[in-house]
Amino acid sequence: VGDLTGYVAATYMRGVPVVQVPTSMMAMLDSSVGGKTAINVPSGKNLVGAFHQPRRVVIDLELLRSLSEREVVEGLAEAVKMGCIRHAPLFDLLEGRVEEVKALQPDAIEQVVTEAVRLKAEVVALDEKEGGVRSTLNFGHTIGHAIEGLASPQLLHGECVSIGCVYEAVLARDLGQLAPSAVGRISRVFKAYGLPTTCPLKYLRLDELMGKMALDKKNAAGRVRVTILKSIGSSFDHPQPVDTALIRRLLSPSLLVLPPAAPPSGAVLVPGSKSISNRVLLMAAMGRGTVAIRGLLQSDDTQVMIAALAAMGAGPFSWLDGGNILQLTGLAGKFAPPTEPLYLGNAGTAARFLTTCATLIHAPGAATTLTGDGRMKQRPID
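A few points on the structure.

### Re empty space enclosed by the protein
Unfilled space is identified by rolling a water-sized probe across the atoms.
At step 1: Counted by the stated rule, this structure contains one cavity of 30 Å³ or more.
At step 2: There is about 50 Å³ of room inside the largest cavity.
At step 3: Lining the largest cavity, in full, are Gly2, Asp3, Val18, Gln20, Ser31, Ser32, Gly35, Lys36, Thr37, His52 and Pro54.
At step 4: Here the lining of the largest cavity is built from residues that sort into two nonpolar, seven polar and two charged.

### Digging into the side chain of Glu78
At step 1: Among the secondary structure elements, Glu78 is positioned in helix α3 (residues 69-85).
At step 2: Engagement of the side chain of Glu78 in a polar contact is seen with the side chain of Lys81, the distance being 2.7 Å.
At step 3: In this structure Glu78 touches Met26, Leu29, Asp30, His141, His157 and Val161, once residues within four positions along its chain are discounted.

### Regarding the packing of aromatic side chains
The description of an aromatic ring pair rests on the distance of the ring centres and on the angle between the ring planes.
At step 1: Throughout the structure, instances matching the rule amount to zero aromatic pairs.
At step 2: Of note, Lys230 hangs over the ring of Phe236, and the distance from its end group to the ring centre comes to 5.1 Å.

### Quick word on the packing of helix α12 (residues 274-286) against helix α14 (residues 348-358)
At step 1: Across the interface, α12 lies against α14 with an axial gap of 10 Å and an inter-helix angle of 25 degrees. As the angle between them shows, α12 and α14 are arranged roughly parallel. Crossing angle aside, the handedness with which α12 passes α14 is right-handed. On α14, the residues that touch Lys274, Ser275, Asn278, Arg279 and Leu282 of α12 are Thr349, Ala350, Phe353 and Cys357.

### Some details on the side chain of Glu74
At step 1: With respect to the helices and strands, Glu74 occurs in helix α3.
At step 2: Engagement of the side chain of Glu74 in a polar contact is seen with the backbone nitrogen of Gly158, the distance being 2.6 Å.
At step 3: Among residues more than four places away in sequence, those in contact with Glu74 are Met26, Leu156, His157, Gly158, Glu159 and Leu195.

Procedures and definitions
- Residues numbered from 1 in each chain as written.
- Predicted model: local features only at pLDDT ≥ 70, side-chain atom pairs only at ≥ 80, totals over all residues.
- Heavy atoms only, no water.
- 1 Å grid on protein atoms, 1.4 Å probe; cavity = no way out; pocket = protein on both sides within 12 Å on 5 of 7 lines; lining within 4 Å.
- Points joined across faces, edges and corners; volume = space filled by probe spheres on them.
- Nonpolar A, V, L, I, M, F, W, Y, C, P; charged D, E, K, R; others polar.
- Helix = DSSP H or I, 4+ residues; strand = E, 2+ residues; numbered from the N terminus.
- Polar contact = N/O pair within 3.5 Å; in protein donor to acceptor, adjacent residues only side chain to side chain.
- Contact = heavy atoms within 4.5 Å.
- Phe/Tyr/Trp six-rings, centres within 6.5 Å; stacked < 30°, edge-to-face > 60°.
- Lys NZ or Arg CZ within 6 Å of the ring centre and 35° of its normal.
- Axes fitted to C-alpha atoms, helices over the stretch in contact; angles between N-to-C directions.
- Parallel < 35°, antiparallel > 145°, perpendicular 65-115°, else oblique.
- Left-handed = near helix turned anticlockwise from the far one by under 90°.

Here you go:
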């Protein structure tokens, strides 16, 4: 309603004054502030519109109590988005007070709405016509709007934005700009509010999604541009051009992995995860040739895994670049039985992977013994 009346006010008699009185969470946090008015057309969202600033925006938080929980949380997607791109304290508030915010506890919801509106107003004051920094407010919208074009009205705008924010956070990680731990926090916050974080398969029609992204208003010189996070609370000042092949791969429901024509060469960048670090170590040890791994999580489990793989014949292991890169030579799957029992302490993650690995050893008459401390011996293997 606010978009439609704003657009009518912008065009009637070449513009008449308008006062926005938002009654939904989405309108309070986003669409009523900033003067962007538009209507949707079959080709895409918000393609016909005008900039027309309201004389006043009147927000009454009591109106939120007339909404269903779904309508409340879909609007909160815009507050999480704002915390992601501009203000880590807002993100922390939403992360730490989920139940209070969802329940519209007065102190919590007032802080969220006030901060989200203040931050958007600051951006609009810097760039009213979306020529630069205001475009970053579209974090999650490049992919989210494309999904919304296929999923509306089954999925609400904020639900599509939630999905888009998580995908675009993963994109920032894949581009080497955002820490993997930040992606996890962003995804968990959206999930905590009951918002979706992946696109339902029935809407993952890649050609149609890419076609809608090709019409995105942030695009320039025929290239899709996306708001890229640098950390929670910080993004690049302008949307960045992104190769569409990377977006297609990100959204693909499945991937076909083909062996390369020549042995791969390079350093493997590992997210800071104990489980993934152990997986990468095991894959490298099972491979053929020399592998360099950057970003291994420095944990007891990781050290246990390295020692166990060395005892089974992998290696040699050597640290390069001041300890930032681990280099090792794989065995092409030909593990040897260790000469001594493998003591794993309480490294449960390593134990699970090494149990499977030990079954790959083909040495008649030989046995591989995995042991650990008292706590380890009480833990289930499955």
